[in-house]
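Single-letter residue listing:
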Amino acid sequence: MTQRIVNDFSITVGTPNGSGSSTANNTLLRALFKMGIPVSGKNLFPSNIQGLPTWYTIRVNKDGFIARRATHEIMVAMNPNSFTRDLADVAPGGAFFYADDIKLPIQRTDISIYPMPVKQLVRSNPEIPANLRDLVANMVYVGILAQMLGIDIEKIELALKFHFKNKEKPVALNMSMVKAGAEWAAAHLTKTDPFYVEPMNKTEGLIMADGNTAAALGAIYGGVQFASWYPITPASSLAESLNEYLPMLRRTPEGKNTFAVVQAEDELAAIGMCVGAGWAGLRAMTSTSGPGMSLMTEYAGLAYFAEVPLVIWDIQRMGPSTGLPTRTSQGDVAFVANMGHGDIDSLILLPGSIKECFEFGWRAFDLAERLQTPVYVLSDLDFGMNQWMSEPFEYPDRPMDRGKVLWEEDLERLKGDWGRYRDVDGDGIPYRTLPGNTHPASAYFTRGTGHTPEARYSEEPDVWVAKMARLKKKYETAKQYLPRAVIQTVAGAKFGIIAFGSTHPAVEEARAWLEREHGLKSDYLRLRAIPFTEDVSQFIAEHERVYVVEINRDGQLQQLLSIKHPEHATRLISIAYSDGLPPTAKWIESAILEQEEK
Amino acid sequence: MSEALPMAGAAAQVNAVGLSKNDYRGNPTTLCQGCGHNSIANQIIAACYEANVVPEKIVKFSGIGCSSKSPTYFLNRSFGFNSLHGRMPSLATGALFADYRLKGLGVSGDGDTASIGMGQFKHIMRRNVNMVYIVENNGVYGLTKGQFSATADKGLELKKQGTNLYLPVDICMEALASRATFVARLFAGNAKQVKEVLKAALSHKGIAVLDIISPCVTFNNQESSYYSYSFGKEREDPLHDISFHAASEGPQSTISYVPPKPEIVLEADMVDGEIREVALHDGSRIVLKALDKDYDPTNRLEAMRVLEDAHENNYLVTGLIYVAPESPSLTDLYNLVETPLNRLTEKDLRPAPETIQKINALMF
């Protein structure tokens, strides 16, 4: 046998969709995490409830690199429909575990082959009711992998207890199959592959969470009062997390709610309700994905023009059109940047970690209310629906900013002299009143048509020009409130890289490989908001070549940056990846190398 | 920013909340002279004044179209939002969560409601949002100059459109099918009836749909049209005489009840009928005096029957078609705190610092 390979490989499990494998796969992921090994898990699933092939890929990496890899050292084949492909995908020297009821030819001799008597082990367990057999069958491979790789069975039990919220019966039932698998493997399999896991201490103090849960919790700490939404993959779990955690965190001691969540009839209505609620003074949010964003465009334009605060989470999936509904993307950036007809500038937040999904969850409301405009938070399927290691969530570090709101006593002081769209402070941000204000001068009429500073209808050219100019001024003001980019510079950097969102781990790893294997050092700017602030312009100015990494076909961010920095447009080189999967570090590395070698 | 238009001379009369009729007015109309919508705006002003409505407790909503412009013609002291075409219901639904004590007053048209906005219309019924939803129904698009709406008569001929091939949508029927809790059909030419039903609708808890036939004098007022003044004057058949009695009036008002005199005399000799009362949740009462026969507006099936009968026999049935006074409105279902949501502050809205450890522990 060759040298042991410890804590540095990928495990991919192929199952039929809807077979209950997510419990097994998350259990593996969590057990590895609890062993202190840096780990990531990505569910590559079809738009389907039952039957089509689905894969779950886990990466263990002692150095903490957690981007997806395209190499599969350990393959678990539970699905006859993807068996042949799965077998072909195993890396040379890798291991192939398969359910032995699948009777298909296996001709590879360069890998270790391990049959697993899954059905037989399940049937021979008298405690498993017939209707649960298929569900617990997946625990057999968990047990066999545990035995063959060295995964701590106690950590598996911890993961199952977490999954089943400490309910004894399902934990015991699933553990019995894990143990049966492990015992069978110990008695019948001889290890011929080199892959092992060993405990480390690299996940201490970290949590494991998905981005949609983080976003919902962040919104709750941001005081969300109203949420309306319409079901869509991959965004639904964000609203469902609000439903899960709001009752826990936001009920008064008397059991009354300080929030309302409405499932709307479609995305037109979901955003319509949010615009109404935001206008009337509630911290309002909706969450959707590309197709929903298309429907929301109409109200988004009104909210921009009428200056209504609200927060819109776009958990991006691959478009155009229905596209790849269950695959990740950063393809909405250009669309959202000017979302609506006419001249529109959007405020966009770009969380680059699970912790930032939480942070931007609350910060988005402060920005929306301060600037009286829609705030878009662009996450994606990879963040939203996969479990990630994360720093713990941090309590907001500043009080809420409710923006410029006039109540009865303010109007009393002003003797009723105010105008909804007057730029009193010279920052482009006007004052607003909220329905329910009982002062006789509080009311005003909101419209999507041209209006004066006093909110009266107007088609006067001067009035229109002044309004649009003020909105532009407000957009400039916004820059001072936005999260700054995170910039890493190293001495001797040959070029710069700009990226955002879920590509961060792959970019970090690619930078390491470029330096280690090719001696190419790079500076890195992780963008966290649009509009671009001065630090972004400076970063571009300071580098002769700036690679812009993103998940879409056309290099949308690269285009936006070029438009804003025409003098440096030729420096901005698009590194765009767009096949529905999260880009690998190797792909980014070779794409940049190819350019560098030109 | 109110724009009250003070009347010169005499001291204005005030109502029980200390306001004069001027406090309920809006800006001058910009619609055509003789438009049914203008008379509806006037009746909104009169109804709110007579019902002692505090304007700051009303929030106006509209979509897009001639009708949707009209919220600027009344209640300048009320907040208002002229939203998107066919999308007023969702906006109102969200806005009214901010302060459950507010009453919505939406004005839409037949295109805004029954063509582009049918989806949202049906869903706001189902949710029983606490608002009066007026459809100023004239069977035609006015602002875009004369196209068919979804309520246009089959066979209607318009200059640039040819002949309408489709059967009209019945807004009251759609409202009933979607479980609206207050449905009325009215004729803008019968101002008294509009005003009384408006007062009742403002007291109703939940959605009150007022499908008001409101002739378009410019594009759809030909005699043959269901939506013309002449059709309404000749073929209106009210189910009852309606009067609204606020809780403050006490039971006395029923006994001294005098049937309101319609401005348009509809039948030469009305048959005196039974008096029927519907009590609303705020203690007010709708008194219905039967005309040719008794009509029970709490019976959904009967409501659908009279609508269908009017279609089959080509007359304009008006009155309170249906009411379910005791249904919970949307915000009743959400177990909200007593303070209006939009008056809550950070201490009510941000969980305590110590909860963050608990949340992190709930992750894995």
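Keep in mind that what you see is a predicted model, and the values were worked out from it rather than measured.

1. What to know about the nonpolar core
If you look at soluble globular proteins, the nonpolar side chains tend to sit buried side by side.
For step 1, the next point in the chain: Counting residues in hydrophobic clusters, the biggest one holds 282 residues, and the most contacted among them are Leu32, Phe97, Val140 and Tyr141 of chain A together with Val183 and Leu210 of chain B.
For step 2, the next point in the chain: Here this core takes eleven residues from helix α4 (residues 133-149) of chain A, the largest share from any one element.
For step 3, the next point in the chain: If sequence neighbours within four positions are ignored, Val140 of chain A has contacts with Met116, Val118, Leu121, Val122, Met177, Ala180 and Gly181 of chain A.

2. Let's talk about the domain arrangement of chain A
Quoted interface sizes are often the accessible area lost when the parts come together.
All names here are of chain A.
For step 1, the next point in the chain: Taken domain by domain, chain A holds domain 1 (5-196), domain 2 (209-390), domain 3 (408-481) and domain 4 (486-596).
For step 2, the next point in the chain: Averaged C-alpha coordinates put domain 2 and domain 3 at centres separated by 25 Å.
For step 3, the next point in the chain: On the side of domain 3, 13 residues touch domain 2, which itself brings 14 residues to the contact.
For step 4, the next point in the chain: Among the elements of the structure, α10 (290-306) and α12 (354-371) are those that each provide at least two residues to the side of domain 2 that touches domain 3.
For step 5, the next point in the chain: Taken together, the residues that form the side of domain 2 that touches domain 3 break down as eight nonpolar, two polar and four charged.

3. Digging into unusual backbone geometry
All names here are of chain A.
For step 1, the next point in the chain: Each neighbour pair has its own omega, and for Thr233 with Pro234 the value is 0°, a cis peptide bond.
For step 2, the next point in the chain: The residue Pro234 is located in the loop between β10 (226-229) and α8 (236-249) in this model.
For step 3, the next point in the chain: With omega at 10°, the peptide bond leading from Gly319 into Pro320 counts as cis.
For step 4, the next point in the chain: Examined against the element boundaries, Pro320 turns out to sit in the loop between β13 (310-318) and β14 (324-328).
For step 5, the next point in the chain: Of note, Lys165 is a non-glycine position whose phi angle comes to about 50°, a positive value.
For step 6, the next point in the chain: For Lys165, a count of 8 C-beta atoms within 10 Å puts it in the exposed group.

4. So, the interface of chain A and chain B
For step 1, the next point in the chain: On the side of chain B, 47 residues touch chain A, which itself brings 59 residues to the contact.
For step 2, the next point in the chain: When residues of the side of chain A that touches chain B are traced back to their parent elements, those giving at least two are β9 (207-210), α7 (211-221), β10, α9 (267-279), α10 and β18 (445-447) of chain A.
For step 3, the next point in the chain: Broken down by element, the side of chain A that touches chain B gets its largest block of residues, nine residues, from α9 of chain A.
For step 4, the next point in the chain: Of the residues contributing to the side of chain A that touches chain B, the split by class is 36 nonpolar, 15 polar and eight charged.
For step 5, the next point in the chain: Direction of pairing for β18 of chain A relative to strand β2 (residues 79-82) of chain B: parallel, over a ladder of three bridges. Opposite Arg447 of chain A, over in β2 of chain B, you have Asn82 of chain B as the bridge partner.

5. Overview of the sheet that holds strand β9 (residues 182-187) of chain B
For step 1, the next point in the chain: Spatial strand order, β18(A)-β2(B)-β1(B)-β3(B)-β4(B)-β10(B)-β9(B)-β15(B)-β11(B): nine strands in an open sheet with mixed pairing. Each having just a single partner strand, β18 of chain A together with β11 (236-238) of chain B make up the two edges of the open sheet. Geometrically, the sheet is characterised by an average inter-axis angle of 20° between neighbouring strands, direction not taken into account.
For step 2, the next point in the chain: Bridge count for β9 of chain B against strand β15 (residues 316-323) of chain B is four bridges, and the pairing is antiparallel. From the neighbouring strand, Val183 of chain B faces β15 of chain B, where its bridge partner is Tyr322 of chain B.
For step 3, the next point in the chain: Contacts between helix α3 (residues 88-95) of chain B and the sheet are confined to β1 (58-62), β2, β3 (103-109) and β4 (131-137) of chain B, with β1 of chain B contributing the most and set at about 155° to the helix.

6. Observations concerning the sheet that holds strand β24 (residues 572-576) of chain A
Residue and element names in this part refer to chain A.
For step 1, the next point in the chain: As summarised here, the arrangement of the five strands in space is β19-β21-β20-β23-β24, forming an open sheet in which the pairing is mixed. Each edge of the open sheet carries a strand with a single partner, namely β19 (486-488) and β24. Along the sheet, successive strands turn relative to each other by an average axial angle of 20°, direction set aside.
For step 2, the next point in the chain: Of the pairings in the sheet, the one linking strand β23 (residues 546-550) to β24 comprises five bridges and is parallel in character. Paired with Tyr547 across the strands is Ile573, a residue of β24.
For step 3, the next point in the chain: Of the strands in this sheet, β20 (495-499), β21 (522-526) and β23 are in contact with helix α16 (residues 504-518), which crosses β21 at around 175°.

Cut-offs and rules
Residues numbered from 1 in each chain as written. Chains lettered and ligands numbered in written order. Predicted model: local features only at pLDDT ≥ 70, side-chain atom pairs only at ≥ 80, totals over all residues. Core = buried A, V, L, I, M, F, W, Y, C linked by C-beta atoms within 7 Å. Buried ≥ 20, exposed ≤ 12 C-beta atoms within 10 Å, placed from the backbone. Helix = DSSP H or I, 4+ residues; strand = E, 2+ residues; numbered from the N terminus. Contact = placed C-beta atoms within 7 Å. Domains from an automatic or database assignment. Nonpolar A, V, L, I, M, F, W, Y, C, P; charged D, E, K, R; others polar. Pairing = 2+ DSSP bridges. Axes fitted to C-alpha atoms, helices over the stretch in contact; angles between N-to-C directions.

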